Every structure is written in structure tokens, then in C-alpha cells.
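Here is what each chain is made of, one letter per residue.
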Amino acid sequence: MLSTRVRAVAFAVGGAFPSAERWKQHLLSEPPPAETPAVPVLVLQQEEYADWLAAQSDERQAYLAAAGLSTFKDDKLSLVTARWAFLTKNASSLFAFSSLPSRLPTDTTYALESSLPLPPTAALSWGLGCYSFDACKGSLTRKRNEGAPPKFASLVVPGACDATDTATALSGTFLCRDLINAPAADMGPAELESATRSLAAACGASVSTVEGEALLQGYPQIHAVGRAAADARQPRLIDLTWGEEGAPKVTLVGKGVCFDTGGLDIKPASAMLTMKKDMGGAAHVLGLASMVMRAKLPVRLRVLVAAVENSISGDAFRPGDVLVARNGKTTEIGNTDAEGRLVFADALVEACAEQQAPPALRGASSHGWPWRQACAEQPELVVDCATLTGAGRVALGTDVPALFCNDAGVDVAEQLVAASASEQDQVWRLPLWPGYREQIDSKVADLKNIGAGPYGGAITAALYLNEFVEAPEDGADGGPGEAAEETAQPPPWLHLDMMAYNTGSKPGRPEGGEAMGMRALYRLIERRWGSAAK
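Since the model is a prediction, treat every value here as computed from it, not as a measurement. (Residues numbered from 1 in each chain as written. Predicted model: local features only at pLDDT ≥ 70, side-chain atom pairs only at ≥ 80, totals over all residues. Heavy atoms only, no water.)

A few points about the overall build of the chain
Stage number 1. For the chain, the count of helices and strands is 16 helices and 19 strands.
Stage number 2. Expressed as a percentage of its 534 residues, the buried residues of the chain come to 56%.
Stage number 3. At a minimum sequence separation of 6, the contacts of the chain that also span at least 24 residues come to 77%. (Helix = DSSP H or I, 4+ residues; strand = E, 2+ residues; numbered from the N terminus. Buried < 20%, exposed > 50% of the residue type's maximum accessible area, 1.4 Å probe, protein only. Contact = heavy atoms within 4.5 Å.)

Spelled out as C-alpha cells, the structure:
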């Protein structure tokens, strides 16, 4: 998955692209052998601490007072005789235990103990604290680490935790983070396709792609945005399918801008520093797909990733150009740095029909788009994930993705918000406000790709995408481009505009790529269509 250049570095420290299941060495399903028993970690919550302290011997109370624990102090860790005591205000908080893998001695296995019930998130919390991205560390790090103990401590999974559910969440999260954290030079469109194929091979899915000049025959805006990149980094639409044909159809769409210079409307240097993360939407849908497939949820899953690099060359698309999308709608380019919505437009038109057009029908020489005749069956849910706008971050900050939906998706959006609260993976709904729709009207084309000013940018971007969430046309009884029946409605559509990146480090949330709203989406799909048969 990594390029030859960085693979050489990665192999120098004993591995290539990291496994998304490396957390397993730190979460054990069985206790260690009797000769090396797990060291207890006593979990003490605020409401019980005073009673517990009063029950200790005078000697132990004096020891705890010397350690500054004569009163409860949140997140304190102290060695008390043969076990550790960990004080936490709220053990149910997702990241309550995430600091422990790096704070406790790492050459030992631990077991959590508590007089109060342990939360079902305890193992997930521990596992999230075991993440680091070290694939690009080289010989200097290897020399420093020779003979060193493991980087993280290990835990016996508490009985209160669902080990399978924990494994599903951790593997998906590690994959999502890893894809975002990989350097852009080693995670271009071709490498993103390779990552998708590796995931598909592991889970029994199939993958097809349309790339390079072939995109002109059906996905022209993906081609336009990505055509300036080098030959080895040509744009492509990656299409993964999995599941039984008759199962409910769920389609995920990910923005895969593997690096964003801003195009001819070039970004300032400081704004480019984290632009390897602009494929974070693709990382999210692949991480989510990993969770769905590994859990064998009873759905027919389709994942579409529009993978491009927004580069600068003599062939780059320009401000003032007019592009034509897969459904024939035209867009005037107001800013080449608003490129994500352009590639999404083609992908969303494709996403609104579960069935791909046969290759013979993909050619199109005019706005008639004859291949649309074959797209007559829409999914029950379309979800897209994208690092789309800075305006979304201004509205909600960096940790909370903005959620938009069409009219058909209102109920499912409400379910997602509820799931995000229960999963501690918050998303927040913003309005798809029709009053701003006129801002994306163009004098020379059907649409333009930016709003009229600096305000409401997340909403105008979502309104642009909404133009491509359509009921599929049914040309079975007529010619190319025949209008859909009046009763046809677009599928329920959810759009998540996210940061996909931690700007600083906290326990369980190291600086770098981050999964945001992904576990909530998984829980939504699981609750809506059921778990796999046991």
C-alpha cells in the first residue's frame, strides 16, 4: 500500500503499512497464564471514593494522603500495594480508560476491577488509547527502541464488554485513521484503490474502477478535477460491492481527494500542511464498510470513492470553466478549491441507482447520457462523507461533523443523531436551507460551485450536492434521457461534512487522522436493518 520510497523506511522498522488489527496484541480475550497473572487495576468512581477510602487501614489512608488522594481527584492513577487504583469521574465516558495503556508499565497485562458495574465501552476505550501511526518511523527510531518494552500495556477484556463489537469498532477506526495519516505521496488515487482492493479481498467483496480518460465516458467532473495530476496519480472512481443481491441496499460515497493544492486558486502554504487528510471521507466510508462487512450485517453494500488529486499543471481546470456532470447539469467554476463537491456530483448521481450501467452503456456523447437507462433501482439509503468545507468547522468546531439530509432522509437523520449521542460519536444536524439555494445559481451555467459570500458555506455546499441526489430515471419504456415518473422520489440521503483530523492530542485521540461519526453510522445501519444472524 505504501510507495517504494516509504516502504523502504517502513520495512526498516519491521513492517509495511500497519495492520488495522494491531490493537489485538493489547486486548486479550483470555487471562494470561497463572504464572504471570494479570495485575489488577481497581476502578474507583467519584460517588464511591469516600466510602472506599474510609474502609482502608490507617496506614493506607496515610499513604494515599501523601499521594494527594485524601480526596477524590479525577484521572489519578496510583499504585496501592499489589494493584493499581484508577480514579475516574465517569467510567462510562468513551475515553475514560484511554490514557492507561501508555501510563501503566507496558510489560504487564492488566485486569480491571470495580465494585460498580464496568461500562461496556471499557475495552474500546483502552483500545483507542493503543493507537499510533509509526509506519514512517525509520532507523533512528529503531535504534532508540531496541530492547524497549511494548509501547502500550495490555488488558484482559472485561466480561461487561462485547468483544466482537469492540473488535469491529477498533478495526474500522484504526483503518480510517491509518488511511488519513499516510503521507499523500503514498496514498494517492492508485494506493487508495489498492487499499480498497485489500479490504475487499479480506471480506469477500468485489471492486471495479473507472479511471483516467475512461472517466470522460460517464464521470466527467471527476476527470476534470483530477486530470492535472501525474500519470501515476490519475483520477478514478472506485466501486466496491458486497452482500446478498436481495438485501436492503445501502450506498456509501466518500470524497477521496488524496491531496488538495487548491488547484489554480492555490491554497496558502499553511493551509496545505494537513491536506493529506482531504481523502478523509473516503477513509470513513472504507472504515465503515470494514465494520459492516466484518460484522456481516444483512445489507447489500456499495461503496463509491471518487479518488483524485487536485493538482496544478497546464491541464488543470480553471476558474470560469463550465463543467458538465454525469446527469447533464452544468457548473460554472467560481473557485478551483471547491473541488470536492464537483467529484461528489458524479458519484452521487451514480449512487442514486444501486445497479451499475453495463459497460457498453457507459459511453455518452451528449447530455442524453444513454447509460442512465440502466440505473432504475435506487438504494434504501445513500450516505456521503467528506472533508468538504471550513464553514462546517466554523459552525460546529473540529470534533463534530455537520449532518445534512434531504426530505426523504429526515427520519433516518434523526436516528443517526440519536445513535451518535448513545455511541459518544456526536454529529449535529444543520438545515438544508432552501433560502440559500439562489446563491449557487450561475448566469452562464445551471449551477456554480461556490456560494455568494463568506457565510453559510457548509449549507450552500450541501445544497449543491443535493442537486445530484435524484430519483433514477427509468428509460425502459422510452429513449435516452426520458424523465422519471412523477411519483419517483430520490432516496434518503445523509451528508456528513467533517474535519476527520485531531488538531491536538488527547487520550485515545492522538493528533492526526480521526474517525468522526463512523461508529454512529455503523450503529444506525445495524439498528435499522438488523445484526447478522448468530
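Thoughts on helix α16 (residues 518-529)
Stage number 1. Here α16 contains 12 residues, and its C-alpha end-to-end distance of 17 Å stays within 8% of the 16 Å for a straight helix at 1.5 Å per residue.
Stage number 2. The buried count for α16 comes to 10 of 12 residues, which makes it a mostly enclosed element.
Stage number 3. Of the positions making up α16, those classed as buried are Met518, Arg519, Ala520, Leu521, Tyr522, Arg523, Leu524, Ile525, Glu526 and Trp529.
Stage number 4. Gly530 sits one or two positions beyond α16 and adopts a positive phi of about 95°. (Expected span 1.5 Å × (residues − 1).)

Describing the packing of helix α14 (residues 410-422) against α16
Stage number 1. As a packed pair, α14 and α16 sit with axes 8 Å apart at the nearest point and diverge in direction by 120°. One way to sum up the angle between α14 and α16 is to call them oblique. With respect to the hand of their crossing, α14 and α16 are arranged in right-handed fashion. Seen from α14, the contacting residues are Val412, Gln415, Leu416, Ala419, Ser420 and Ser422; seen from α16, they are Ala520, Leu521, Arg523, Leu524, Arg527 and Arg528. (Axes fitted to C-alpha atoms, helices over the stretch in contact; angles between N-to-C directions. Parallel < 35°, antiparallel > 145°, perpendicular 65-115°, else oblique. Left-handed = near helix turned anticlockwise from the far one by under 90°.)

What about the pattern of salt bridges?
Stage number 1. Here the structure, examined in full by the defined rule, presents 31 salt bridges.
Stage number 2. A salt bridge links Glu423 to Arg523; the nearest nitrogen and oxygen atoms lie 3.0 Å apart. On the criterion of sequence distance, the pair formed by Glu423 in the loop between α14 and β15 (428-429) and Arg523 in helix α16 is long-range, its members being 100 residues apart. Here Glu423 matches Arg523 in class, with each residue buried.
Stage number 3. Notably, a salt bridge pairs Arg527 with Glu423, separated by 3.9 Å at the nearest N-O pair. Residue Arg527 is located in helix α16, and its partner Glu423 is located in the loop between α14 and β15; the two are separated by 104 residues in the primary sequence.
Stage number 4. Overall, Arg527 belongs to the exposed group, its relative accessible area being 53%.
Stage number 5. By relative accessible area, Glu423 is classed as buried at 15%.
Stage number 6. Ionic contacts of the salt-bridge type, sharing partners, join the residues Asp165, Glu423, Arg519, Arg523, Glu526 and Arg527 into one network. (Salt bridge = Lys/Arg side-chain N within 4 Å of Asp/Glu carboxyl O.)

Digging into the pairing of strand β8 (residues 236-242)
Stage number 1. Across the 7 residues that make up β8, a large majority, 7, are buried.
Stage number 2. One ladder, built from 6 bridges, connects strand β7 (residues 206-211) with β8; its direction is antiparallel. Residue Glu211 lies in a different strand from β8, and its bridge partner there is Arg236.
Stage number 3. Looking at chain direction, β8 and strand β10 (residues 300-310) are connected through 7 bridges and run antiparallel. Looking at β10, one finds that Ile238 is bridged to Val305. (Pairing = 2+ DSSP bridges.)

Things to note about the packing of aromatic side chains
Stage number 1. The final tally for this structure, using the stated rule, is 5 aromatic pairs.
Stage number 2. With a centroid separation of 5.0 Å and 90° between ring planes, the pair formed by Tyr131 and Phe174 is classed as edge-to-face. Here Tyr131 is found in the loop between α5 (122-128) and α6 (139-145), whereas its partner Phe174 is found in helix α7 (residues 163-181), with 43 residues between them in sequence. Comparing Tyr131 with Phe174 shows no difference in burial state: the two are buried. (Phe/Tyr/Trp six-rings, centres within 6.5 Å; stacked < 30°, edge-to-face > 60°.)

Re the sheet that holds strand β11 (residues 322-324)
By way of backbone hydrogen bonds, the strands of a sheet pair with one another, either parallel or antiparallel.
Stage number 1. Taken together, 3 strands build an open sheet; the order of strands is β11-β12-β16 and the sheet is mixed. Unpaired on one side and paired on the other, β11 and β16 (447-448) mark the two borders of the sheet.
Stage number 2. As defined by bridge partners, strand β12 (residues 330-332) adjoins β16 across 2 bridges and the pair is classed as parallel. Across the sheet, Glu332 pairs through a bridge with Lys448, a residue of β16.

Here we look at the nonpolar core
Stage number 1. Counting 95 residues, the largest nonpolar core has Phe97, Leu192 and Leu494 as its most contacted members.
Stage number 2. When residues of this core are assigned to their parent elements, the largest contribution, 9 residues, is made by helix α11 (residues 280-294).
Stage number 3. If you count residues domain by domain, this core takes at least three from each of domain 1 (22-135 + 147-156) and domain 2 (163-358 + 372-473 + 489-530).
Stage number 4. With residues up to four places along the chain from it excluded, the contact list for Leu494 reads Leu381, Val382, Val383, Asp384, Leu403, Phe404, Cys405, Gly409, Val412, Ala413, Leu416 and Leu524.
Stage number 5. Membership of the second largest hydrophobic core comes to 44 residues, among which are Ala345, Leu430, Ile459 and Leu463. (Core = buried A, V, L, I, M, F, W, Y, C linked by side-chain atoms within 4.5 Å. Domains from an automatic or database assignment.)

Quick notes on the side chain of Asp497
Stage number 1. With respect to the element layout, Asp497 can be found in strand β17 (residues 493-497).
Stage number 2. In this structure the side chain of Asp497 is engaged in a polar contact, spanning 3.3 Å, whose partner is the backbone nitrogen of Leu388.
Stage number 3. A polar contact of 2.6 Å, which involves the side chain of Asp497, links it to the side chain of Thr389.
Stage number 4. When sequence neighbours within four positions are dropped, the list of residues in contact with Asp497 reads Ala386, Thr387, Leu388, Thr389, Gly392, Arg393, Pro401, Ala402 and Ala458. (Polar contact = N/O pair within 3.5 Å; in protein donor to acceptor, adjacent residues only side chain to side chain.)

What to know about the packing of helix α8 (residues 189-203) against α11
Describing two packed helices takes the angle between their axes plus the distance from one axis to the other.
Stage number 1. Viewed as axis vectors pointing N to C, α8 and α11 meet at an angle of 5°, and their least axial separation amounts to 10 Å. Classified by the angle their axes make, α8 and α11 are roughly parallel. Of the residues in α11, those touching α8 at Leu192, Thr196, Leu199, Ala202 and Cys203 are Ala282, Leu286, Ala289, Ser290, Met293 and Arg294.
Stage number 2. Residue composition of the contact of α8 with α11, by class: 8 nonpolar, 2 polar and 1 charged. (Nonpolar A, V, L, I, M, F, W, Y, C, P; charged D, E, K, R; others polar.)

Side note on unusual backbone geometry
Stage number 1. If you check the backbone angles, Asp75 has positive phi at about 70° while not being a glycine.
Stage number 2. One non-glycine residue, Ala500, lies in the positive phi region at around 60°.
Stage number 3. Counting through the fold element by element, Ala500 comes out in the loop between β17 and β18 (501-502).
Stage number 4. Look at Ala500 and you get buried, because its relative accessible area is 0%.

The analysis is restricted to geometry; functional conclusions fall outside its scope.
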